[in-house]
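Spelled out, the chains give:
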Protein chains: 2
Amino acid sequence: MIDDAQRTVRDLGEFGLIDALRAALPPETVAGDRLRLGIGDDAAIWRPTPDAEQVITTDSLVEGVHFRLDWTDWASLGHKTLAVNLSDIAAMGAWPRLAVLSLGLRGDERVADLERFYHGLGRLAAATGTLIAGGDIVASPTALTLHLTALGDLPDGQALTRAGAQAGDLIAVSGTLGAAAAGLRLLSLAPASPQRRATTALALIASHLRPEPRLRLGHVLRQHGASAAMDLSDGLLGDLPKMLQASQVAAEIDATAIPVAAAVRALFPDDWFALATRGGEDYELLFTAAPPVMATIVSEAAVIGATVTTIGAVQPQVPGHPRLTLRQPSGEAQAIEGGAFDHFRAGY
Amino acid sequence: MIDDAQRTVRDLGEFGLIDALRAALPPETVAGDRLRLGIGDDAAIWRPTPDAEQVITTDSLVEGVHFRLDWTDWASLGHKTLAVNLSDIAAMGAWPRLAVLSLGLRGDERVADLERFYHGLGRLAAATGTLIAGGDIVASPTALTLHLTALGDLPDGQALTRAGAQAGDLIAVSGTLGAAAAGLRLLSLAPASPQRRATTALALIASHLRPEPRLRLGHVLRQHGASAAMDLSDGLLGDLPKMLQASQVAAEIDATAIPVAAAVRALFPDDWFALATRGGEDYELLFTAAPPVMATIVSEAAVIGATVTTIGAVQPQVPGHPRLTLRQPSGEAQAIEGGAFDHFRAGY
């Protein structure tokens with residue numbers, strides 16, 4: 001047994017740590033009338049005035065942990081630094097407004113490369129109406145670090161959270177899953193490997209390097225009354241349990257209904273299912289809605305060119321029963337453990 | 001001469017880099033109706049509604065660059081991580097509302113130490129009414145990195161900036177200067193050195209480890225009509241030229257008027273003036289105001305226990321003449337070069 005005073009971050013893990021650190025703060029600093037949602041969700045919800053809501057989110061990318069400069073180009077890295085934050089804003093049904101960026105630089109980076117980073121970031125900012133409002137540049141001698149905080153707002157109504165799923169709701173995801181995880185796997189293979197030389201390889205790698213935040217779909221979800229939403233960053237089977245936990249419900253999903261990118265199945269016949277459900281970095285939206293609302297969302301999503309696939313249903317939670325059940329093609333029901341990606345227990 | 005394509009961050013320096021990167025962004029992403037102030041100041045000013053203003057600031061602390069774990073205790077580090085951001089908010093005359101924190105952890109940190117970090121941060125948050133709204137925890141294998149973004153607001157009126165100084169205004173600073181730089185110097189000396197054993201040493205070290213954001217004074221400045229303000233992070237002679245540049249004015253200050261902490265003079269008889277004017281990390285407020293306004297500010301500052309010292313006057317800028325002149329005790333006028341601390345040209 002580990003002495004409490006000697007316990008390290010790695011012993012406790014990322015999720016235990018968040019709870020411990022939240023508990024170390026005075027209670028009046030973690031909740032307040034104007035803070036509708038604080039520590040624990042992907043973004044905070046703040047009321048600048050009694051009638052308006054803002055969402056605030058922050059994400060960091062660390063060289064060697066979240067990216068490798070020999071695997072990404074600089075413009076894609078700039079795109080992704082903003083995109084992963086905008087994905088959190090999309091999941092809440094908000095519009096991004098501004099971002100501040102803190103760069104930790106070794107000092108030997110080429111200015112031309114950083115300009116490419118800003119081109120990639122700026123192109124996505126312009127396309128999404130996000131202002132780059134400033135930031136901070138500091139020395140970070142051992143690793144390039146990128147920290148972005150984004151602010152979104154909702155001129156009318158309330159932000160979507162992961163806490164609103166109700167028994168009887170349907171569960172759906174946007175797009176297809178597994179492409180980003182497969183892209184990352186491809187980058188780790190030798191350039192001459194058969195998979196790397198497949199015609200679909202570049203598209204999968206692009207899914208990893210340049211995720212697209214689902215902002216318009218998030219707006220559709222909120223407008224038409226989805227009950228809960230979050231973005232998929234840690235894989236469907238890592239993230240869905242978080243939503244169920246936050247909503248205090250259970251769910252069953254159908255393995256055959258999960259929309260796996262076809263190229264992932266083709267290139268990775270042995271572990272396409274793990275890539276699609278545990279691989280992470282999909283940045284698609286996972287959401288729930290009552291059946292008539294879901295029908296509306298599916299057709300409205302089509303109008304904006306987004307695909308939505310229903311994969312299961314929300315159930316009441318029953319003490320002693322699994323929170324998430326995966327129905328296998330055989331008909332067998334498999335209980336799913338949370339097991340989200342833990343930054344201190346796995347590597348890049 | 002360096003080939004442009006090969007130029008590195010270190011070749012260009014921090015301030016040239018900010019300009020280059022700003023220029024790499026599409027123009028519509030760096031300015032907008034609702035963004036009163038963007039890249040270039042310490043904080044951005046955003047209008048969530050037509051009548052309200054928010055200020056947003058971000059600052060990063062990197063192990064080995066901004067702090068050393070053998071020189072600081074964890075609670076002080078938590079305090080400072082929040083304090084340096086709140087200082088930017090104080091300089092704008094705003095009140096802090098919430099903060100999001102991104103921690104980059106190696107994984108071998110003791111949880112008990114991180115709890116101490118949160119205690120220090122939480123105590124300052126509670127004292128200043130700042131909510132800790134969330135954040136992000138990532139792996140940062142080579143150095144502990146701390147990135148905080150703080151949001152402040154102004155229920156009434158406009159935020160102070162560094163761009164409003166007018167010829168004829170007086171220039172003042174709060175508190176005394178040089179203590180934090182002297183404290184840092186002391187930490188670098190052997191524990192048995194005479195300076196480290198001086199009775200004033202601990203207070204100077206505390207000034208370095210636990211700066212106090214001047215929030216109430218910032219509010220007084222804004223309420224009574226100071227024309228420009230900024231916080232002193234890079235030393236008076238590094239920061240004042242930035243204010244003069246932003247305001248398009250010149251200034252003369254009186255060397256004998258600069259309020260140097262007495263212990264700094266006593267312990268460092270050879271370079272107390274450099275510590276007080278170039279040392280940095282004072283986190284006092286530097287501001288300008290018309291003479292009758294300054295008189296009011298001086299007396300209102302006394303009411304809240306803050307000291308304010310007038311050190312010079314703003315002058316019209318004259319092409320070919322120095323932007324900042326320092327009047328020496330001998331009566332000699334010395335032109336001051338900007339020379340702010342550049343993170344890529346100096347070490348901790």
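Because the structure is a prediction, the values reported are computed rather than measured.

**Looking at the sheet that holds strand S13 (residues 333-335) of chain A**
All names here are of chain A. With mixed pairing, the seven strands of this open sheet are ordered in space as S8-S10-S7-S11-S9-S12-S13. The open sheet has two free edges, formed respectively by strand S8 (228-231) and S13, since each of these has just one partner strand. Across the sheet, the axes of successive neighbouring strands diverge by a mean angle of 25°, strand direction being ignored. Examined bridge by bridge, strand S7 (residues 170-174) and strand S11 (residues 308-316) share five bridges and lie antiparallel to one another.

**Observations regarding the domain arrangement of chain A**
Residue and element names in this part refer to chain A. As assigned here, chain A comprises domain 1 (1-30), domain 2 (41-154) and domain 3 (170-335). Between domain 2 and domain 3, the contact holds 17 residues from the first and 17 residues from the second. Among the elements that make up the side of domain 2 that touches domain 3, the one with the highest residue count is helix H2 (residues 74-91) (ten residues). When its residues are assigned to classes, the side of domain 2 that touches domain 3 shows eight nonpolar, six polar and three charged.

**What to know about the interface of chain A and chain B**
The interface is formed by 75 residues belonging to chain A together with 75 residues belonging to chain B. At the level of elements, helix H1 (9-24), strand S2 (44-46), strand S3 (53-62), strand S4 (95-105), helix H3 (111-128), strand S5 (131-139) and strand S6 (145-154) of chain A are the ones that each hand at least two residues to the side of chain A that touches chain B.

**Some details on the relation of the copies chain A and chain B**
Superposing chain A onto chain B requires a rotation of 180° together with a translation of 0.0 Å along the rotation axis, leaving an RMSD of 0.0 Å. Such a turn and shift between the copies fits a two-fold axis. Residue Thr142(A), judged by its C-alpha, is the member of chain A lying nearest the rotation axis, at 3.2 Å.

**Quick look at H1(A)**
For H1(A), spanning 16 residues, the distance from its first C-alpha to its last is only 15 Å, which falls clearly below the expected 22 Å at 1.5 Å a residue. Residue Phe15(A) marks the point of greatest curvature in H1(A), where the axis turns by about 85°. Where H1(A) is concerned, the buried positions are Val9(A), Leu17(A) and Leu21(A). In this structure, the buried residues of H1(A) make contact with strand S4 (95-105), helix H3 (111-128) and strand S5 (131-139) of chain B.

How each quantity is defined
Residues numbered from 1 in each chain as written. Chains lettered and ligands numbered in written order. Predicted model: local features only at pLDDT ≥ 70, side-chain atom pairs only at ≥ 80, totals over all residues. Pairing = 2+ DSSP bridges. Helix = DSSP H or I, 4+ residues; strand = E, 2+ residues; numbered from the N terminus. Axes fitted to C-alpha atoms, helices over the stretch in contact; angles between N-to-C directions. Domains from an automatic or database assignment. Contact = placed C-beta atoms within 7 Å. Nonpolar A, V, L, I, M, F, W, Y, C, P; charged D, E, K, R; others polar. Least-squares fit on C-alpha atoms with pLDDT ≥ 70 in both. Expected span 1.5 Å × (residues − 1). Bend = angle between axes of the 7 residues up to and from the residue. Buried ≥ 20, exposed ≤ 12 C-beta atoms within 10 Å, placed from the backbone.

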